[in-house]
Amino acid sequence: MNNRLLRFLTTLSPPNVRTIGAAVILLAALIDYLSGHRLSIVPLYVLPAGYVTWYDNRRSGMLIAFWAMMVYVGERVIWQGGINPLVHLLNGAVLLGVLAILVWILDYIHQAYLGSLHDAESKYTRIVEAAIEGIVATDVHWRITFVNSRAAKLFGSTTDELRGKDLLELCCDADARSALRTRTAAGASDAGPSEVQF
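Predicted model only: the values in this text are computed from it and were never measured.

**Some points on the side chain of Glu 75**
Thought 1: Topologically, Glu 75 is positioned in helix 4 (residues 58-79).
Thought 2: At 3.3 Å, the side chain of Glu 75 and the side chain of Arg 76 are in polar contact.

**Some words on the nonpolar core**
Thought 1: Counting residues in hydrophobic clusters, the biggest one holds 22 residues, and the most contacted among them are Ile 25, Tyr 45, Ile 64, Tyr 72, Leu 95 and Leu 99.
Thought 2: Elements that contribute at least two residues to this core include exactly helix 2 (14-34), helix 3 (46-55), helix 4 and helix 5 (85-130).
Thought 3: Ranked by residues supplied to this core, first place goes to helix 4 with seven residues.
Thought 4: In this structure, Tyr 72 is in contact with Val 42, Tyr 45, His 88, Asn 91, Gly 92 and Leu 95, ignoring residues within four places of it in sequence.
Thought 5: If you look at the next biggest cluster of nonpolar residues, it comprises nine residues, including Ile 144, Ala 151, Leu 168 and Leu 180.

**Observations regarding the packing of aromatic side chains**
Thought 1: A complete count under the given rule lists three aromatic pairs for this structure.
Thought 2: Their ring planes at 55 degrees and their centres at 5.4 Å tell us that Tyr 51 and Tyr 55 sit as a pair that is tilted. Here the residue Tyr 51 and the residue Tyr 55 both occupy positions in helix 3, the gap between them amounting to four residues, near one helical turn.
Thought 3: The class of Tyr 51 is buried, set by a relative accessible area of 15%.
Thought 4: The class for Tyr 55 is partly exposed, based on a relative accessible area of 34%.
Thought 5: Ring geometry for Trp 54 versus Tyr 113: centroids 5.8 Å apart, planes at 35 degrees, classification tilted. Residue Trp 54 is located in helix 3, and its partner Tyr 113 is located in helix 5; the two are separated by 59 residues in the primary sequence.
Thought 6: The class for Trp 54 is partly exposed, based on a relative accessible area of 23%.
Thought 7: Among the residues examined, Tyr 113 registers a relative accessible area of 42% and is labelled partly exposed.

**Examining the pattern of salt bridges**
Thought 1: Tallied over the entire structure, the rule returns six salt bridges.
Thought 2: Taking the shortest distance from any N to any O, the salt bridge between Asp 107 and Arg 58 comes out at 3.2 Å. Note that Asp 107 is positioned in helix 5 and Arg 58 in helix 4, a separation of 49 residues in sequence.
Thought 3: Among the ionic pairs, Glu 75 bridges to Arg 76, the shortest N-O distance being 3.3 Å. The pair Glu 75 / Arg 76 is uniform in exposure class, with both members buried.
Thought 4: One connected set of salt bridges, linked through shared partners, spans Asp 32, Glu 75 and Arg 76.

**Focus: the pairing of strand 2 (residues 144-147)**
Thought 1: Pairing of strand 1 (residues 136-138) with strand 2, which is carried by three bridges, proceeds in the antiparallel orientation. Counted as the bridge partner of Val 136 is Val 147 from strand 2.
Thought 2: Taking the residues that link successive antiparallel strands as the turn, the strand 1-strand 2 hairpin has five residues, and the phi of Trp 142 there is positive, at about 70 degrees.

**Looking at a nonpolar patch on the surface**
Thought 1: Side chains of Leu 27, Leu 30, Ile 31, Tyr 33, Leu 34, Ile 78 and Trp 79 sit close together on the surface and give an oily, nonpolar patch of about 690 Å² of accessible area.
Thought 2: Broken down by secondary-structure element, the contributors of at least two residues to the nonpolar patch are helix 2 and helix 4.
Thought 3: Broken down by element, the nonpolar patch gets its largest block of residues, five residues, from helix 2.
Thought 4: Tracing the chain through its elements places Ile 78 in helix 4.

**Regarding the packing of helix 2 against helix 4**
Thought 1: Contact geometry of helix 2 with helix 4 gives a least axis separation of 10 Å together with a crossing angle of 20 degrees. Taken together, helix 2 and helix 4 sit at an angle that is classed as roughly parallel. Relative to helix 4, helix 2 is oriented so that their crossing is right-handed. In this structure, helix 2 uses Arg 18, Gly 21, Ala 22, Ile 25, Leu 26, Ala 29, Asp 32 and Tyr 33 to contact helix 4, whose residues at the interface are Ser 60, Ile 64, Trp 67, Ala 68, Val 71, Glu 75, Arg 76, Ile 78 and Trp 79.
Thought 2: Taken together, the residues that form the contact of helix 2 with helix 4 break down as 11 nonpolar, two polar and four charged.

Conventions we followed
The written sequence of each chain sets the order in which its residues are numbered from 1. In keeping with the predicted nature of the model, local features appear solely for residues at pLDDT of at least 70, side-chain atom pairs appear and are counted solely at 80 or more, and the whole-chain, interface and lining totals rest on all residues. The side-chain quantities take in all heavy atoms of the structure and omit both hydrogens and water. The numbering of helices and of strands both runs from the N terminus, where a helix is a DSSP run of H or I of at least 4 residues and a strand a run of E of at least 2. For this analysis, a polar contact is any N or O atom pair within 3.5 Å, provided that within protein one partner can donate a hydrogen and the other can accept it, and provided that sequence-adjacent residues contribute only side-chain to side-chain pairs. Joining through side-chain atoms within 4.5 Å is the link that ties buried Ala, Val, Leu, Ile, Met, Phe, Trp, Tyr and Cys residues into a set, and such a set is a nonpolar core. Summary of the burial criterion: residues with accessible area below 20% of their type's maximum are buried, those above 50% are exposed, and those between are partly exposed, where the area comes from a 1.4 Å probe applied to protein chains only. Contacts are assigned to residue pairs with any non-hydrogen atoms lying within 4.5 Å of each other. Under the pairing criterion, centres of Phe, Tyr and Trp rings, with the six-membered ring standing for Trp, must be within 6.5 Å; the plane angle then separates stacked pairs below 30 degrees from edge-to-face pairs above 60, leaving the rest tilted. We define a salt bridge as a side-chain nitrogen of Lys or Arg found within 4 Å of a carboxyl oxygen belonging to Asp or Glu. Strands qualify as paired when DSSP identifies two bridges or more between them. Like-charged residues within 9 Å of one another, or nonpolar side chains (Val, Leu, Ile, Met, Phe, Trp, Tyr) within 5 Å, are grouped into patches, provided each residue has over 30% relative accessible area and no salt bridge. With residues, only the protein chains shown are counted as cover, and all accessible areas are computed by Shrake-Rupley using a 1.4 Å probe. Note on geometry: axes are C-alpha line fits, over the in-contact stretch for helices, and angles between N-to-C directions span 0 to 180 degrees. Oblique is the label for any angle not under 35 degrees, not over 145, and not in the 65 to 115 range, which are roughly parallel, roughly antiparallel and roughly perpendicular in turn. Two helices cross in a left-handed way if the nearer one is turned anticlockwise from the farther one by less than a right angle. They cross in a right-handed way if the turn is clockwise. Under the scheme applied, nonpolar residues are Ala, Val, Leu, Ile, Met, Phe, Trp, Tyr, Cys and Pro; charged residues are Asp, Glu, Lys and Arg; polar residues are all the others, including Gly.

Function cannot be inferred from these measures alone, as they are strictly geometric.
Written as structure tokens, this is what we have:
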């Protein structure tokens, strides 16, 4: 269940990421309000701000931080109406400052991560494209996820045309396909990487 939730949260579109972030802040404020401030949820405002920054962008993270401040101030003014609202506004400004710093730091880390990921991907692509062998990567169902230009040339096709096709349908007879599919189904969890030569 947790893996499904994580997969769901990491594949949402940016508008949905922002909506989830705003909703979590509202939920935290509601819990804070209903608990009578015996259970302070305010530190958890960093989670939606960080989530939105990482999976959308810094601008959206700052908007969520501002939204968190507004919700915080509004909830405090409603709950503790006798105290000067300026006190809550100042506390909200401190919360906004902390969240803004978090957003900037997280965005910096994210940009560095994306840069190093791009560099590694470029290096890998150059190595694979320079290989004299045809290299094909598949998913567990033998659908082609990556193919270098040498393998595409061997198949008489382009890399784009081959992506998503069933590798076994392209290059095996029925008996070999059946044997490979049975081996994959029986031992996919413990088999690890395999090499199949055609």
